[in-house]
Amino acid sequence: RNYIHKESLSSTNDMAKELAYKVPDGTVIVAEEQTKGRGRMGRSWFSEKSSCILTSVILKPQIRPEKTVALTQVAALTVVKAIEEVCSVKTKIKWPNDIILNSKKVCGILTEMSSEIDVVNYIVIGIGINVNCTEFPDDLKEKATSLQLELEKPVDRKKLLASLLNNLEIYYKEYEEKGFESLRPLILENSITIGKEVRVIYTDREIRGQAIAIDKEGKLVIKTEKGEEIALLSGEVSVR
Ligand code: BTN
């Protein structure tokens, strides 16, 4: 596969977007350090040099733009599987894109795309895993953790990255050949969100209710207190 490794980048997602039209489907960018790592909702993404996995994968599937939410979850499943394979520990997916270990966030995924009205040009899946970092800024300490902190031993970053990319290839292929439907049961099985009472900030609305399903397109279905069912394409979920 086409693989680019850099000591330092502003953000692997930024480089991926710059290169997207010039490189083949499946190109992987990895950095030891990001000076402007980005998270969702315009937030920044903290990382410690050479102790995290900071990677972006460029994909060019022939899909409609609204299908990308499903692809983010395929990536989330991939992370769960890779961590399980290399660290023998089970993490959970907090819809749509956080990976949780012992109630704290150990990985975030930022999916960005360029599309026409009815077809995607490219998708960049940015994955940040806190592997061996041991110090977080004060404002993150309660919410974030790393594999090393939770397992109380360092994790082989190369092995984890290799497993991540292998699993991504496997699941992405399955997604392309059989569709999201085929992976949905596995995603549900590893979800921390389904069945829980949640509060979702969606655009400027707050929705409370029970997360009851992830639908065929990867949307989160919430049953509100009034009994109404709403399917969300994105949003900031807190599990209550
Ligand atoms: C989030 O949880 O808000 C998403 C975080 C995504 C972080 C990764 S690190 C590699 C890639 N490059 C970035 O700038 N962001 C993503």
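Quantities reported herein were computed from a predicted structural model and do not represent experimental measurements.

Attention shifts here to the packing of aromatic side chains. By the definition in use, this model includes 2 aromatic pairs. With a centroid separation of 5.3 Å and an interplanar angle of 85°, the aromatic rings of tyrosine 21 and tyrosine 122 are classed as edge-to-face. One end of the pair, tyrosine 21, is in the loop between helix 1 (12-19) and strand 2 (28-34); the other, tyrosine 122, is in strand 7 (residues 120-129), with 101 residues separating them in the sequence.

A few words now on the sheet that holds strand 10 (residues 220-224). Strands sit in the order 11-10-9-8-12 across an open sheet of 5 strands; the sheet is antiparallel. With one partner strand each, in any of the chains shown, strand 11 (229-232) and strand 12 (236-239) form the two edges of the open sheet. Here the average twist between neighbouring strands, direction ignored, is 40°. By the bridge criterion, 5 bridges tie strand 9 (residues 205-214) to strand 10 in an arrangement that is antiparallel. Its bridge partner lying in strand 10, alanine 213 is registered against valine 221.

For the rest of this paragraph, the subject is helix 4 (residues 157-178). Compared with an ideal rise of 1.5 Å per residue, which puts 22 residues at 32 Å, helix 4 spans 31 Å between its outermost C-alpha atoms and is within 8% of the ideal. Buried residues of helix 4: Leu160, Leu161, Ser163, Leu164, Leu165, Asn167, Leu168, Tyr171, Tyr172 and Tyr175, and no others. By the N-cap criterion, in which a side-chain oxygen at the helix start approaches the backbone nitrogen of a residue two or three places on, helix 4 is capped by aspartate 156, the distance to lysine 158 being 3.0 Å. Once helix 4 ends, the next one or two residues include glycine 179, with phi positive near 90°.

Sheet architecture is open: 7 strands sit in the order 1-2-3-7-6-5-4, paired in mixed fashion. Pairing within the sheet leaves two strands with one partner each, and these edge strands are strand 1 (3-9) and strand 4 (92-94). Here the strands of the sheet are splayed against their neighbours by 20° on average, with no regard to which way each runs. In the sheet, strand 6 (residues 104-115) pairs with strand 7 via 9 bridges, with the strands oriented antiparallel. Of the residues in strand 7, the one forming a bridge with leucine 110 is glycine 126. Its contacts with the sheet put helix 1 on strand 1, strand 2, strand 3 (53-59), strand 6 and strand 7, and the angle it makes with strand 2 is roughly 145°.

Rules of the game
- Residues numbered from 1 in each chain as written.
- Predicted model: local features only at pLDDT ≥ 70, side-chain atom pairs only at ≥ 80, totals over all residues.
- Heavy atoms only, no water.
- Phe/Tyr/Trp six-rings, centres within 6.5 Å; stacked < 30°, edge-to-face > 60°.
- Helix = DSSP H or I, 4+ residues; strand = E, 2+ residues; numbered from the N terminus.
- Pairing = 2+ DSSP bridges.
- Axes fitted to C-alpha atoms, helices over the stretch in contact; angles between N-to-C directions.
- Expected span 1.5 Å × (residues − 1).
- Buried < 20%, exposed > 50% of the residue type's maximum accessible area, 1.4 Å probe, protein only.
- Polar contact = N/O pair within 3.5 Å; in protein donor to acceptor, adjacent residues only side chain to side chain.
- Contact = heavy atoms within 4.5 Å.

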